[in-house]
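Observations on the three-dimensional arrangement
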Amino acid sequence: MAQARAGEFDEFVAVRWSGLLHLARLLTGGDRHRAEDLVQESLVKLWFVWSKVADEAPDAYVRKVMVRAAARSARRRWWGERPVAQLPDTAVAGDVSAVVAERSRLEAALGQLPAKQRVAVVLRYYQDLPEGQVAEALGCPLGTARSHTARGVARLRQLLADVIEPVG
Amino acid sequence: MDHFERQLARMMHHSEQQSPFEPRHRERLRAGVRARRRARAAQAAVGSVLAVAGLGAGLFLLPHSHARDEPSAPHPRPAISPTPSPTTTPTPGMSPTPPSSTATNSAPPSGTATSQLPTPGSSSTGSEPTPADSETDTASAPPATSTANYTSEPPPGRSAPPATSSALVGPTG
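Each value, and the rule that gives it
Residues numbered from 1 in each chain as written. Chains lettered and ligands numbered in written order. Predicted model: local features only at pLDDT ≥ 70, side-chain atom pairs only at ≥ 80, totals over all residues. Heavy atoms only, no water. pLDDT = per-residue confidence, 0-100. Contact = heavy atoms within 4.5 Å. Buried area = accessible area lost by both parts, 1.4 Å probe. Salt bridge = Lys/Arg side-chain N within 4 Å of Asp/Glu carboxyl O. Polar contact = N/O pair within 3.5 Å; in protein donor to acceptor, adjacent residues only side chain to side chain. Helix = DSSP H or I, 4+ residues; strand = E, 2+ residues; numbered from the N terminus. Nonpolar A, V, L, I, M, F, W, Y, C, P; charged D, E, K, R; others polar. Axes fitted to C-alpha atoms, helices over the stretch in contact; angles between N-to-C directions. Parallel < 35°, antiparallel > 145°, perpendicular 65-115°, else oblique. Buried < 20%, exposed > 50% of the residue type's maximum accessible area, 1.4 Å probe, protein only. Left-handed = near helix turned anticlockwise from the far one by under 90°. Phe/Tyr/Trp six-rings, centres within 6.5 Å; stacked < 30°, edge-to-face > 60°. Lys NZ or Arg CZ within 6 Å of the ring centre and 35° of its normal.

Reading fine detail from the predicted coordinates is not recommended where pLDDT is low. Looking at chain B as a whole, the pLDDT averages 64, with 40% of positions reaching at least 70. When the criterion is pLDDT under 50, residues 100–173 of chain B qualifies, and its contacts beyond four places in sequence or with other chains add up to 75 contacts.

Now the structure itself:
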């Protein structure tokens, strides 16, 4: 029984690993090491409740754990973020592929946001969650989650103005 | 959702890169599970030890707390000497008997000049015979004898009757 559960868990992790790592990278503003730590920490917590949530929604459980941990990082200062006025130099488009450059620029811009704004934006635009579920994942009222999202998007408009040209 | 928000969502989705679940990830995950399991076991052990220690301390201190409720020393003797000298005159301020369970040998106030000393045969006598016993025999009969009828007569061997009897005797005499 335990072996079967462990096999299911391994299979779940192998299938979801890439997506979870990408979500963690967005939540951490592109910090790959911190993103791996976040995924590991969340999966360890999932292991101990696997028998309870395996048949229900393990994805939602892991996502909630990751989001809560990423949002708490604003208080813990895990990543040693130092907001700067100007974005740091990123990879030049001629040296690497356009996709990598775009990703680096996006992660750098996300790294400029406060943790809760970043989490709200990622949940809203990458996970495509409705505002109610964003608020639930953040553990805050709906209006607060909406405010986090709006402020984060407004800040990203400034940071990514040269990447995403406005229409018309 | 405007153009920027659509582009932002597209960038987030397209920037995902495939990263396989490698054996090092698996080993690290196993190590994390083992570490967390050890931490949980340690927490449970510490909690059990603290619970047992607290229970033991509570059981150890419980009997001692009962002992504190009881007096640790005998009651103090009355401030008034049980055998006053015949020359002393009783003062009204002297209380006949304090309401204690021990035998008090204070004399009840009376109208005679001499103090009424307890007689050996009466219920209010103290255990110590005094030289003034002969004088009290000539004085008016102490009302303690009536009290002796009121209360049960103590056996001859007993020296101190209950103090409540003398307390009742005083005002009536």
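Contact residues are listed per partner, giving 39 residues for chain A and 31 residues for chain B. Summed over both partners, the interface of chain A with chain B buries about 3,400 Å², with 61% contributed by carbon and sulfur atoms. The largest per-residue losses of area from chain A upon contact with chain B belong to Phe 48, Tyr 125 and Ile 164 of chain A, which jointly make up 21% of the total buried on that side. On the surface where chain A and chain B come into contact, there are 7 salt bridges. We note a salt bridge from Arg 26 of chain B to Asp 10 of chain A, for which the minimum N-O separation is 3.7 Å. Our enumeration of links across chain A and chain B arrives at 11 residue pairs in polar contact (both at pLDDT 80 or more). The set of elements that each furnish at least two residues to the side of chain A that touches chain B consists of α1 (2–27), α2 (32–48), α5 (98–111), α6 (115–125) and α8 (142–159) of chain A. With 11 residues, the top contributor of residues to the side of chain A that touches chain B is α1 of chain A. Split by residue class, the side of chain A that touches chain B holds 24 nonpolar, 4 polar and 11 charged.

What follows deals with the packing of helix α7 (residues 131–138) of chain A against α8 of chain A. All names here are of chain A. Taken N-terminus to C-terminus, the directions of α7 and α8 make an angle of 100 degrees; their axes are 8 Å apart at the nearest point. In terms of orientation, α7 and α8 fall into the roughly perpendicular class. Mapping the contact onto sequence places Glu 131, Gly 132, Val 134, Ala 135 and Leu 138 in α7 and Leu 142, Ala 145, Arg 146 and His 148 in α8.

Here we come to the pattern of salt bridges. Counting across every chain of the model gives 13 salt bridges over all chains. A salt bridge links Arg 10 of chain B to Glu 102 of chain A; its shortest N-O distance comes to 3.2 Å. Taken together, the residues span two chains, with Arg 10 of chain B in helix α1 (residues 3–14) and Glu 102 of chain A in helix α5. A residue is classified by how much of its surface remains accessible, and Arg 10 of chain B, at 29% relative accessible area, is partly exposed. By relative accessible area, which is 22% here, Glu 102 of chain A ends up partly exposed. Taking the shortest distance from any N to any O, the salt bridge between Arg 146 of chain A and Glu 131 of chain A comes out at 3.1 Å. Of this pair, Arg 146 of chain A sits in helix α8 while Glu 131 of chain A sits in helix α7, placing them 15 residues apart in sequence. With relative accessibility at 29%, the residue Glu 131 of chain A sits in the partly exposed group.

On the secondary structure map, Gln 117 of chain A appears in helix α6. If we skip the residues at most four places from it in the chain, Gln 117 of chain A touches His 148, Arg 151 and Gly 152 of chain A.

Right, let's get into the packing of α6 of chain A against α7 of chain A. Residues and elements named next belong to chain A. Two elements in contact, α6 and α7, have axes whose closest approach is 10 Å; the angle formed by their N-to-C orientations is 140 degrees. Judged by the angle between their axes, α6 and α7 are oblique. As for the relative orientation of α6 and α7, their crossing is right-handed in sense. In this structure, α6 contributes Lys 116, Val 119, Ala 120, Leu 123 and Arg 124 to the contact, and α7 contributes Glu 131, Val 134, Ala 137 and Leu 138. Here the contact of α6 with α7 is composed, by residue class, of 6 nonpolar, no polar and 3 charged.

For any pair of aromatic rings, the description rests on two quantities: the centre-to-centre distance and the angle between the ring planes. If you walk through the whole model with that rule in mind, you get 4 aromatic pairs over all chains. Seen from their ring centres, Phe 12 of chain A and Trp 50 of chain A are 5.4 Å apart, and the 50 degrees between their planes marks the pair as tilted. Of this pair, Phe 12 of chain A sits in helix α1 while Trp 50 of chain A is found in helix α3 (residues 50–53), placing the two residues 38 residues apart along the sequence. The burial state of Phe 12 of chain A is the same as that of Trp 50 of chain A; both residues are buried. An aromatic cluster is defined as three or more aromatic residues linked by ring pairs; in this entry it consists of Phe 9, Phe 12, Trp 47 and Trp 50 of chain A. The cationic tip of Arg 30 of chain B hangs over the ring face of Trp 47 of chain A; the distance from NZ or CZ to the ring centre is 6.0 Å. Over the ring of Phe 48 of chain A we find Arg 40 of chain B, and its NZ or CZ is 4.3 Å from the ring centre.

Taken residue by residue, chain A gives an average pLDDT of 83. The fraction at 70 or more is 83%. Looking across chain A, the model is least confident in helix α4 (residues 58–76) of chain A, with a mean pLDDT of 82, and most confident in α8 of chain A, with 93.

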